[in-house]
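Inside the fold
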Amino acid sequence: DELVPYQFKGSGTEDDPFLIGNEYELTALSKHVSNCLTYGEDKKPYNKAHYLLTNDITLTQEFNPIGVKATGEDTAFSGVFDGGRHTITGLKISEGLAQSGLFGVVRGERKGLANSYAQIKNLIIEGAFIQGGVGTENAIKGILAGQAEYAIISGCFTTGDVSGDTQIAGVI
């Protein structure tokens, strides 16, 4: 079965970001990035787009991190996610993935002196529960992101419980 992309409001640009206003849309973002989907006639990747959270969201189901396939393969988020100072509550991840958090892997691109940075900003995550894969080598867990490279994280706040065998943190 081919995954049919959700049609977000907005165009994914800095001036007209894709709008995320509910649990369904946040889950769609995760699926789009984790499955390497594209949008538009020029096939732009969803993982490099701009997003804006427009409402507080309470998650009611287990969440698959944005930027990691269910198999644990790295499909990094490289775009911009602006939380708009909204809150995501109820984030729960108990799968034994290599990188876990709201975002599994956040990674910009190294381009010599002109690096392209992924960004997560203005986001609050409360009441998170991230359970690591006990005995899993390289299990990296954080509430906001499991792993971040060439990334700018600003104006973010997290609360919750994170557990695991190896590398764990409250934010990243």
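These notes cover the structure that comes with them. (Residues numbered from 1 in each chain as written. Predicted model: local features only at pLDDT ≥ 70, side-chain atom pairs only at ≥ 80, totals over all residues. Heavy atoms only, no water.)

Re unusual backbone geometry
Apart from glycine, the bulk of residues carry a negative phi angle, and the bulk of peptide bonds sit in the trans form. As a reminder, the rule being used: In this text, helices come from DSSP runs of H or I with a minimum length of four residues, and strands from runs of E with a minimum of two, each type numbered from the N-terminal end. The buried label applies to any residue whose accessible area, calculated with a 1.4 Å probe on protein chains only, is under 20% of its type's maximum; exposed applies above 50%, and partly exposed to all values in between.
Although it is not a glycine, Cys36 adopts a positive phi angle of roughly 55°. On the secondary structure map, Cys36 appears in the loop between α1 (23–34) and β2 (38–39). Residue Cys36 is classed as exposed on the basis of its relative accessible area of 52%. Backbone geometry at Tyr150 places phi at a positive 50°, although glycine is not the residue there. Here Tyr150 shows up in the loop between β12 (145–149) and β13 (151–154).

Quick word on the side chain of Ser78
Heads up, the rule is: Working rule for contacts: check all heavy atoms of both residues, and any pair within 4.5 Å makes them a contact.
Summarising the element assignment, Ser78 is placed in the loop between β5 (57–58) and β6 (80–89). Since its relative accessible area comes to 15%, Ser78 is described here as buried. With near-sequence residues (within four places) excluded, Ser78 lies in contact with Asn47, Lys48, Arg107 and Ala118.

Comments concerning the pattern of salt bridges
Stated precisely, the cut-off is as follows: Definition used for salt bridges: Asp or Glu carboxyl oxygen within 4 Å of a side-chain nitrogen of Lys or Arg.
Counted under the stated rule, the structure contains 3 salt bridges. One salt bridge connects Arg107 with Glu149, and the closest N-O pair in it is separated by 2.9 Å. Taken together, the residues Arg107 in strand β9 (residues 103–107) and Glu149 in strand β12 connect sequence positions 42 residues apart. Its relative accessible area of 23% is what places Arg107 among the partly exposed residues.

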